[in-house]
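Residue-level structural notes
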Amino acid sequence: MNGSLIRELLLSSRPLSWINTAFPFAAAYLFATRELDWVLVLGALFFLVPYNVAMYGINDVFDYESDLRNPRKGGIEGALLDPSLHSTVLWISALSTLPPALLLMLGGGPATWAAMLVSLFAVAAYSVKGLRFKERPFLDSVTSSTHFVSPAVVGFALAHDRVGYTPSPTVMIILAAFFLWGMAAHAFGAVQDVVPDREGGISSVATAIGARPTVRMAVLLWAGAGVLLLLAPWPTPLAALLVVPYVAISLPWFNVTDATSAGVNAAWRRFIWLNYGCGFLGTMLLIWVW
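Residues numbered from 1 in each chain as written. Predicted model: local features only at pLDDT ≥ 70, side-chain atom pairs only at ≥ 80, totals over all residues. Heavy atoms only, no water.

This is how it is decided: UniProt positions are given in the numbering used here, feature names are shortened, and annotations may be inferred rather than shown by experiment.
Named according to an unreviewed UniProt entry, the chain is 4-hydroxybenzoate polyprenyltransferase originating from Nesterenkonia sandarakina. In UniProt, the chain has this text filed under Subcellular location (unreviewed entry): "Membrane".

Now the structure itself:
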């Protein structure tokens, strides 16, 4: 691969977000098995790079027309892939993703197979023509959340198949809260693209119900995640505090209009870095529990 292609692949894969998929897998598998083995290493690397190359690369290929109208594209928030690279990116996405995914599936059993297939299906279904779940309001937020929760589910599934681990009610509560968090994150992020998406003929939860209701939905989803965490045994309820910063950055946009929706990008950029801080605190809590 030439330097230009590598640069575009790297930009397209959103390196700042790699940890958002690798960490859930590694944390889930290590928490459940307490083992450092080849599955942990391969899975963490798979969800760190190939998974993101495929997820975001496929999205950038099929979103090219709308991305041309989107001022956010061409930086840390996504590449504007030249059409000459589209077929190459799709091939690289498939060839870098399928072999390690199959190895991980061979390392597990039926639970792993099901979890991995759902994860990979969600990656493709979100963007590819004929499915385009990203253009099905509300299903778009559900699918996007699946992108980030499914690595953890794969980790737990592998632990189940390899060492007989069964998730506790607390783990199920945490996964449910994480899923609500993911839906909120997608919905809030969609608000900033209301205008370019409409101009590009792309539907989303934000174009369907408008910027203001979408922000309010995101706030409620984040708050719901916090409430769920309060239902778990101590010290898990401490994790409910981690949703407060997300609510705080979204509340100033509670009355946003479609016309001013592009301004949400300022909050979205803070959201990207907020994930690192909250992720660190969440890790400390996980270590305490472990």
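**Some points on the overall build of the chain**
Rules: Secondary structure elements follow DSSP: runs of H or I no shorter than four residues count as helices, runs of E no shorter than two count as strands, and numbering proceeds from the N terminus. Within these notes, the globule rule equals 2.2 Å times the number of residues to the 0.38 power, and the radius of gyration is based on C-alpha atoms. Using a 1.4 Å probe, accessible areas were evaluated by the Shrake-Rupley method; residue-level cover was limited to the displayed protein chains.
Of the regular secondary structure elements, the chain holds 14 helices and 0 strands. Reading the chain from its N terminus to its C terminus gives the helix and strand order α-α-α-α-α-α-α-α-α-α-α-α-α-α. Taken over the C-alpha trace, the chain has a radius of gyration of 19 Å; the compact-globule value for 290 residues is 19 Å, and the two agree within 12%. C-alpha atoms of the chain, sized along the principal axes, occupy 50 × 45 × 30 Å. As displayed, the chain has an accessible area near 12800 Å², and 73% of this comes from carbon and sulfur atoms.

**Observations concerning the packing of aromatic side chains**
The test is simple: Between rings of Phe, Tyr and Trp, where Trp is taken as its six-membered ring, a pair exists when centres lie within 6.5 Å; planes separated by under 30 degrees are stacked, by over 60 edge-to-face, and by other angles tilted. In this scheme, a residue with accessible area under 20% of its type's maximum is buried, one over 50% is exposed, and one in between is partly exposed, where area comes from a 1.4 Å probe on protein chains only.
In the structure shown here, the tally under the stated rule is 16 aromatic pairs. Taken together, a centroid distance of 5.7 Å and an interplanar angle of 85° make the contact between Trp181 and Tyr246 edge-to-face. Residue Trp181 is found in helix α9 (residues 169-191), and its partner Tyr246 is found in helix α13 (residues 244-250); the two are separated by 65 residues along the sequence. Exposure class is identical for Trp181 and Tyr246. Each is buried. Each residue in the set Phe178, Trp181, Phe188, Trp222, Tyr246, Trp268 and Phe271 is aromatic and connected to the rest through ring pairs, giving one cluster.

**Thoughts on the environment of Phe25**
Filter applied, for reference: We call two residues contacting when some pair of their heavy atoms lies within 4.5 Å.
Within the fold, Phe25 resides in helix α2 (residues 19-33). Between the C-alpha atom of Phe25 and that of Ala262, which follows or precedes it by 237 residues, the distance is 33 Å. In this structure Phe25 touches Val39, Leu40, Gly43, Ala44, Phe47, Pro151, Ala152, Val154, Gly155 and Leu158, once residues within four positions along its chain are discounted.

**Quick look at the UniProt feature "transmembrane region" (unreviewed entry) in the chain**
On the UniProt side, "transmembrane region" (unreviewed entry) is annotated at positions that read residues 15-32, 39-58, 101-126, 138-159, 171-195, 215-232, 238-256 and 268-289 here. Span residues 138-159 is 95% helix and 0% strand, its end C-alpha atoms 31 Å apart. Taken as a whole, residues 268-289 contains 100% helix and 0% strand, while its terminal C-alpha atoms sit 30 Å from one another.

**Description of the packing of helix α6 (residues 86-106) against helix α7 (residues 110-125)**
The line we're drawing: Only the stretch in contact is used when a helix axis is fitted, and all axes are lines through C-alpha atoms; the angle between N-to-C directions ranges over 0 to 180 degrees. Note on angle classes: values under 35 degrees are labelled roughly parallel, values over 145 roughly antiparallel, values of 65 to 115 roughly perpendicular, and the remainder oblique. In this scheme the crossing of two helices becomes right-handed for a clockwise turn of the near helix relative to the far one and left-handed for an anticlockwise turn of less than a right angle. The classification used treats Ala, Val, Leu, Ile, Met, Phe, Trp, Tyr, Cys and Pro as nonpolar, Asp, Glu, Lys and Arg as charged, and all other residues, Gly among them, as polar.
Direction vectors running N to C along α6 and α7 enclose 160°, while the axes themselves pass 9 Å from each other. Relative to α7, the element α6 lies roughly antiparallel. Crossing handedness for the pair α6 and α7: right-handed. Residues Thr97, Ala101, Leu104 and Met105 of α6 form the contact with α7, whose own contacting residues are Thr112, Trp113, Met116, Leu117 and Leu120. Looking at the contact of α6 with α7, its residues break down into 7 nonpolar, 2 polar and no charged.

**Details of helix α4 (residues 50-62)**
The cut-off we apply is this: Given the number of residues in a helix, its expected span is that number minus one, multiplied by 1.5 Å.
Helix length check: α4 (13 residues) gives 18 Å between terminal C-alpha atoms against 18 Å at 1.5 Å per residue, within 8%. Here α4 has its buried residues at Pro50, Tyr51, Asn52, Val53, Ala54, Met55, Tyr56, Gly57, Ile58, Asn59, Asp60 and Val61.

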